[in-house]
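# Topology and contacts: notes
As a plain string of letters, each chain reads:
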Protein chains: 2
Amino acid sequence: MGTNAREDIMEAAKKAAQAHGYGGLSMRDLAAEVGIKAASLYYHFPSKAELATAVAKRYWEDAAADLEKIWDENSDPDERLRFFPVTFRRALENENRMCLCSFMGAEYDDLPDQVKEEVQVFADVNVAWLKKALLASGTVDEETGEARAKAVFAAVAGAQLMARSRADISLYDTLIDSYRAAGLLPA
Amino acid sequence: MGTNAREDIMEAAKKAAQAHGYGGLSMRDLAAEVGIKAASLYYHFPSKAELATAVAKRYWEDAAADLEKIWDENSDPDERLRFFPVTFRRALENENRMCLCSFMGAEYDDLPDQVKEEVQVFADVNVAWLKKALLASGTVDEETGEARAKAVFAAVAGAQLMARSRADISLYDTLIDSYRAAGLLPA
DNA sequence: ACCTGAACACCGTTCAAGT
DNA sequence: ACCTGAACACCGTTCAAGT
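Residues numbered from 1 in each chain as written. Chains lettered and ligands numbered in written order. Predicted model: local features only at pLDDT ≥ 70, side-chain atom pairs only at ≥ 80, totals over all residues. Heavy atoms only, no water.

### What about the relation of the copies chain A and chain B?
The two copies are related by a screw operation: chain A maps onto chain B through 180 degrees of rotation and 0.0 Å of translation along the axis, at an RMSD of 0.0 Å. Taken together, the turn and the small shift mark the pair as related by a two-fold rotation axis. Here 100% of the contact residues of chain A are again contact residues in chain B; the copies associate through an equivalent surface. (Least-squares fit on C-alpha atoms with pLDDT ≥ 70 in both. Contact = heavy atoms within 4.5 Å.)

### A word on the side chain of Thr53 of chain B
Residues and elements named next belong to chain B. By secondary structure assignment, the location of Thr53 is in helix 4 (residues 48-73). By relative accessible area, which is 9% here, Thr53 ends up buried. The contact partners of Thr53, leaving out residues within four places of it in the chain, are Gln114, Val115 and Glu118. (Helix = DSSP H or I, 4+ residues; strand = E, 2+ residues; numbered from the N terminus. Buried < 20%, exposed > 50% of the residue type's maximum accessible area, 1.4 Å probe, protein only.)

### Some words on the protein's contact with DNA strand C
Around DNA strand C, 17 residues are found, and the nearest of them are Ser26, Met27, Arg28 and Tyr42 of chain A together with His44 of chain B. Note that a phosphate oxygen of DNA strand C is positioned 3.1 Å from one of the backbone N or O atoms of Leu25 of chain A. Here a phosphate oxygen of DNA strand C sits 2.5 Å away from a polar atom, N or O, in the main chain of Met27 of chain A. Breaking the surface near DNA strand C down by element, the ones donating at least two residues are helix 2 (27-34) and helix 3 (38-44) of chain A together with helix 3 (38-44) of chain B. In terms of residue count, helix 3 of chain B provides more of the surface near DNA strand C than any other element does, four residues in total. (Near = heavy atom within 4 Å. Polar contact = N/O pair within 3.5 Å; in protein donor to acceptor, adjacent residues only side chain to side chain.)

Given below as structure tokens:
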């Protein structure tokens, strides 16, 4: 598609992994998508594991950048938190895809170690941002902030998973609203 | 292992699918686990799809029975709700496995239709029980009960997913505690 | 009734060979 | 520098054949 094969491969691999996971990511299909032969992929990436590592790494880097943007563009603490679920909604909007790292979290047993690490960093990045935002909003105190940040992350990931399993994005919205009504997130 | 091959196959398939998903369920490995050849599996089940359908169906039937038991053995509404996360904890206790239907929910795009249906019934059964329990406990009113039941289900599934992705069962407990502290579940 | 070996079209991966 | 065809050991599945 683009002019940079390595870039095209990573982009196509990201989309495929968000729909089919690491195990379901087919090197042959991926190559066809990019317009080269499967063997050619191995010129750009030494293995499927290395490709997935690069993709997962950039996935959390992009997520970190998005979160920074939300932070900088909003000064009201509750407003920042209101935007968090939007980033997870975007995957569903994109042909019912899901978070790469949630899918790969499920595939834990079959994941190469380096991929596992990048997947965990994604969660770390999100939890750190949430903790910062929750503390700033006064939703939690210093002592419970970490646990609450993890809880919000897990709950939002769970909402995305459930909505995907029904291909129903309105269910995602219902779930997030219900989290707010229950007090997990500021209303 | 047992005396009933069909039973052994379903049990082994359930455990494998809880660890590797539908896509990661290998008919050859499964056959080896049961002590027969891969081709022999097709005497008992016409296809991988049919096997997975049977497994997923019994999975929600067993879950429904477990939930009924919790209901009958406890009369205090909050006490019943306190037991709900225990059923999802059990999978993690069992060698860091996860809910068959959460894993298959992620695999939505690659799931045969019949399997998809059974996966959805699992969620339906859990949500129906939760709604009943939440209404009985007075946590919610008739109007918000359905959404709240779905929210609890999604959040607990998300907690299990996050804990699995770190192979850390204490993280699961932390998350459930935090849900309670936030007000999603009765403390 | 229950199981099997051999075959089919797939898969990720390797590698020597092409331009 | 970038790509490829052919081969390897895998996979789910089929089927004719065994007991």
